[in-house]
Structure formats: structure tokens, C-alpha cells
Amino acid sequence: MTNEQAPMLQTDLCLYGDIAPKAGGSFVAQKQLELPAGATVGDLLDHLGIADADRGYLFVNSVLCDMPGLSASRAEALRPHDHVGIFSIRHMWPYQYRDGVRMSERLKAVLAEVGAMRNVYAKT
């Protein structure tokens, strides 16, 4: 066994709204974050202590990957130098920008199950 450290993955993170203090900001925070190689969006959220109930829209590299009330992105693998933007549930992404937005394949599959895009999804 060598003394080498486990490989790490660097991520560029932006938090918006009242979750920004989790990365050192007031209303907006931008931070470089190192996570273990193989980390997922769920690992990132857990590391930051952001509950699914507090997380609104979530983007990875400008691609919409999750929406309020869904957990479509938790298993999404992060790659080195991904840019992750997370809005708080109380600071929404304006509806008029949603038409035609690029979405992850995982989110497209979840939306095919739950129906048309709306502001919030409630678990039943």
C-alpha cells in the first residue's frame, strides 16, 4: 500500500439564494470544491448539507438536471471541472427562460413519467 491519496475531482460550484451561505456567500456564492473521484450530484449535496427540500433548480454545465420536488440528479456522476449551479427553493429560475432549455437525459426520463414542466413537484 502506498501513501498516495485517493484521486480527487475539482468542481466549480455556484449557489444562489438562501443556500449561498453553505459555500461562504450571502445571496450568491462561487467556490471551487474538491470531491472524491466518482462523486455524484447527491454526494455534492450531502457534502454541502443541502436537503432536497431546500434545493430548487440544479444545472450541470448549463444543462438543467433537476427541478424542485424531483431528485432526478442525485445519481448523476460529476466529471472533473464540471460547473454546478444550484438555486434555493425560495429563489426560482424565471419561468420565461424554461422553454427549450437543455436537459439531462435523466431529467427528461423523469419528466416523461411525471408530466409537463411545472414550478414544483410534490412527491405522492
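Residues numbered from 1 in each chain as written. Predicted model: local features only at pLDDT ≥ 70, side-chain atom pairs only at ≥ 80, totals over all residues. Heavy atoms only, no water.

A. Representation of the pairing of strand β5 (residues 83–88) in the model. Within β5, 5 of the 6 residues are buried, which leaves it mostly tucked inside the rest of the structure. Bridge count between strand β3 (residues 55–60) and β5: 4 bridges; the pairing is antiparallel. What sits directly across from Val60, in β5, is Val84. (Buried < 20%, exposed > 50% of the residue type's maximum accessible area, 1.4 Å probe, protein only. Helix = DSSP H or I, 4+ residues; strand = E, 2+ residues; numbered from the N terminus. Pairing = 2+ DSSP bridges.)

B. How the structure looks around unusual backbone geometry. Even without being glycine, Asn61 reaches a positive phi, approximately 55°. You can see Asn61 is positioned in the loop between β3 and β4 (63–66). Its identity is not glycine, yet Ser62 carries a phi of approximately 65°, on the positive side. As for its position among the elements, Ser62 is in the loop between β3 and β4. Classification of Ser62 by relative accessible area gives exposed; the value is 54%.

C. Layout of the pattern of salt bridges. Counting across every chain of the model gives 8 salt bridges. A salt bridge links Asp52 to Arg74, with the shortest nitrogen-to-oxygen separation between them at 3.2 Å. In this pair, Asp52 is assigned in the loop between α1 (41–48) and β3 and Arg74 in the loop between β4 and β5, connecting sequence segments 22 residues apart. One salt bridge connects Glu105 with Lys108, and the closest N-O pair in it is separated by 3.2 Å. Residue Glu105 and its partner Lys108 are located together in helix α2 (residues 105–114), separated by 3 residues, close to a single helical turn. For Glu105, a relative accessible area of 59% puts it in the exposed group. A relative accessible area of 41% places Lys108 in the partly exposed class. In the salt-bridge network here, residues are joined through shared partners; they are Asp18, Asp54 and Arg90. (Salt bridge = Lys/Arg side-chain N within 4 Å of Asp/Glu carboxyl O.)

D. Representation of the pairing of β4 in the model. By the bridge criterion, 3 bridges tie β3 to β4 in an arrangement that is antiparallel. Across the sheet, Phe59 pairs through a bridge with Leu64, a residue of β4.

E. The arrangement of the sheet that holds β3 in detail. Taken together, the 5 strands give an open sheet; going across it, the order is β2-β1-β5-β3-β4, and neighbouring strands pair in mixed fashion. The open sheet has two edge strands with one neighbour each: β2 (28–36) and β4. In this sheet, adjacent strand axes meet at a mean angle of 30° when their direction is disregarded. Pairing of strand β1 (residues 8–16) with β5, which is carried by 5 bridges, proceeds in the parallel orientation. Residue pairing across strands places Leu13 opposite Val84, the latter belonging to β5. Here α1 sits on the sheet in contact with β1, β2, β3 and β5, set at roughly 115° to β2. (Axes fitted to C-alpha atoms, helices over the stretch in contact; angles between N-to-C directions. Contact = heavy atoms within 4.5 Å.)

Note that all results are geometric; they support no functional claim without further evidence.
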